[in-house]
Amino acid sequence: MADQPRAFGLLRLPATTRSPWWELGRRLLLAIGILAVTVLIVWVDRDGYVDNSDPDNEVTLLDAIYYTTVTLSTTGYGDIAPYTPTARLVNAFVITPLRIGFLVLLIGTTLEVLATQGREMFRAARWRKNMQEHVVVIGYGTKGRSAVDTLVNNGTPRESITIVDQSGTGQEEAHADGLAVVTGDATRREVLRRARVDLARQVIITANRDDTTVLATLTVRQLNPDAYIVAAVREQDNVPLVRQSGADSVITSSEAVGRLLGLASYSPNLGAVMEDLLTYGEGLEVAQRDLMVNEVGKAPQSLPDQVIAVVRDEKVYRYFDPTISLLARGDQLIVVRPSRELPWAPRPGTHNEPLADDE
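Let us look at the structure shown here. (Residues numbered from 1 in each chain as written. Predicted model: local features only at pLDDT ≥ 70, side-chain atom pairs only at ≥ 80, totals over all residues. Heavy atoms only, no water.)

Our next topic: a nonpolar patch on the surface. Together, V286, I308, Y319 and F320 give the surface a local cluster of nonpolar side chains, amounting to about 370 Å² of exposed area. Position of V286 among the secondary structure elements: in strand 10 (residues 284-290). (Patch = residues over 30% accessible without salt bridge, like charges linked within 9 Å, V, L, I, M, F, W, Y side chains within 5 Å. Areas by Shrake-Rupley, 256 points an atom, 1.4 Å probe, with all protein chains shown as cover. Salt bridge = Lys/Arg side-chain N within 4 Å of Asp/Glu carboxyl O. Helix = DSSP H or I, 4+ residues; strand = E, 2+ residues; numbered from the N terminus.)

Structure (structure tokens):
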């Protein structure tokens, strides 16, 4: 499918097959091998053949090559033919199977190429048809891979995640992880259109350079005004610029790492807790969940979960803010909870009480 690896905007779905060039080369060598074996058989048994176009009826090496090519290709002019019983038996039981194998090899290669192309076109068409309300991740380096792992661990199917990357390493790693990849520069409209950014629910931008992040954010926002865009930048000074470009959330990777390093050096225990909160699947997790009916009218501090913030009317309030002294319908809770609990689910042991928004 990747007959032009450098082509921009090329959709590549995860596959486990070998390279087409490897398959073609292997079959070409098999075909040459069949030709060589057949020429050798005819040449060794040349006394059993007659050349009707030669007055001396002598079969040379060139005649053997000629006879092999016209025989295996089923052309069969009849100017050279076996006339002894031995030569005819060899033709019937050795050369004929070789002829069949040669034809099967050629026809099979052609049919497989056509079938593969048709299958990949069908898969790509089906993928484009089903890709809506999906997540597009731009860049599949360390940050992009970690973002995808977090999404998958929190219930997002891999089939609804699309990677945009132009590096060969990123593409191969994404394929190994079972993800669809659109090859190309994420600052180009055509590339993002092939990733169906215009229909995406979320876009995560993890480019290696902040200027690329700005351009990619601008392009994504122009194509999809409603998508929730999360972008990572290296320098804090570039955060306002990325926000002005259309990002809803901006993460400063270098500053976050530096803050963790400072905390760990100042207080190793505090650094360990922060690392625990940022590590998925172990210890503690920060999660966001809906409010349940039996929690309406209560103070955030009185709930079994450790509430650290409340989301009300799309605005985040810290748990001690007097605005959210009592919880109301429509609120969402940001809590710290054991990692074994689903981040979006009510706390285990609540006996499936209805959510506050269900009534």
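With that settled, consider the pairing of strand 9 (residues 249-252). Bridge count for strand 8 (residues 228-233) against strand 9 is four bridges, and the pairing is parallel. The residue of strand 9 that forms the bridge with V233 is T252. A crossover connection joins strand 8 to the parallel strand 9 through helix 8 (residues 239-244); in handedness this β-α-β unit is right-handed. (Pairing = 2+ DSSP bridges. Right-handed = clockwise from strand over helix to strand, strands pointing away.)

The next subject is the pairing of strand 8. As paired elements, strand 7 (residues 202-205) and strand 8 share four bridges and run parallel to each other. Of the residues in strand 8, the one forming a bridge with Q202 is Y228. Since strand 7 and strand 8 lie parallel, the crossover through helix 7 (residues 210-223) that links them has a hand, and here it is right-handed.

Attention now moves to the side chain of D305. Examined against the element boundaries, D305 turns out to sit in the loop between strand 10 and strand 11 (306-312). For D305, a relative accessible area of 2% puts it in the buried group. At a separation of 2.9 Å, a polar atom in the side chain of D305 contacts the side chain of R289. (Buried < 20%, exposed > 50% of the residue type's maximum accessible area, 1.4 Å probe, protein only. Polar contact = N/O pair within 3.5 Å; in protein donor to acceptor, adjacent residues only side chain to side chain.)

Here we come to the environment of T252. Mapped onto the secondary structure, T252 falls in strand 9. Along the backbone, T252 and E235 are 17 residues apart, and their C-alpha atoms lie at a distance of 6.3 Å.

For sheets, the rule is that strands pair by backbone hydrogen bonds, running either parallel or antiparallel. Strand order in the open sheet made by the four strands is 10-13-11-12, with antiparallel pairing throughout. Every interior strand has two partners, whereas the edge strands, strand 10 and strand 12 (315-318), have only one. With strand direction ignored, the average angle separating the axes of adjacent strands in the sheet is 30°. Of the strand pairs in this sheet, strand 10 and strand 13 (residues 332-338) are connected by seven bridges, and their pairing is antiparallel. (Axes fitted to C-alpha atoms, helices over the stretch in contact; angles between N-to-C directions.)

Between helix 9 (residues 253-266) and helix 10 (residues 268-278), the shortest axis-to-axis distance is 5 Å and the interhelical angle comes to 140°. As summarised for this structure, helix 9 and helix 10 are arranged oblique, according to the angle between their axes. Where helix 9 approaches helix 10, its residues L260, L263, A264 and Y266 are matched on the opposing element by P268, L270, G271, M274 and L278. (Parallel < 35°, antiparallel > 145°, perpendicular 65-115°, else oblique. Contact = heavy atoms within 4.5 Å.)

One finds V136, I138, V164, V197 and V203 to be the most contacted residues of the largest nonpolar core, which totals 24 residues. Of all the secondary structure elements, the ones that give two or more residues to this core are strand 4 (135-138), helix 6 (189-194), strand 7, helix 7, strand 8 and helix 8. Element by element, the count of residues in this core is highest for helix 7, at four residues. Not counting residues up to four positions away in its chain, the partners in contact with V136 are T162, V164, A195, V197, A200, Q202, V203 and I204. Listed in part, the 12 residues of the second largest apolar core include V137, Y140, I163 and I204. (Core = buried A, V, L, I, M, F, W, Y, C linked by side-chain atoms within 4.5 Å.)

For the structure shown, the criterion picks out eight salt bridges. Salt-bridge contacts for R145 lead to E173; the nearest nitrogen and oxygen are separated by 2.6 Å. Note that R145 is positioned in helix 4 (residues 142-153) and E173 in helix 5 (residues 168-176), a separation of 28 residues in sequence. Take R145: its relative accessible area is 26%, and that puts it in the partly exposed class.

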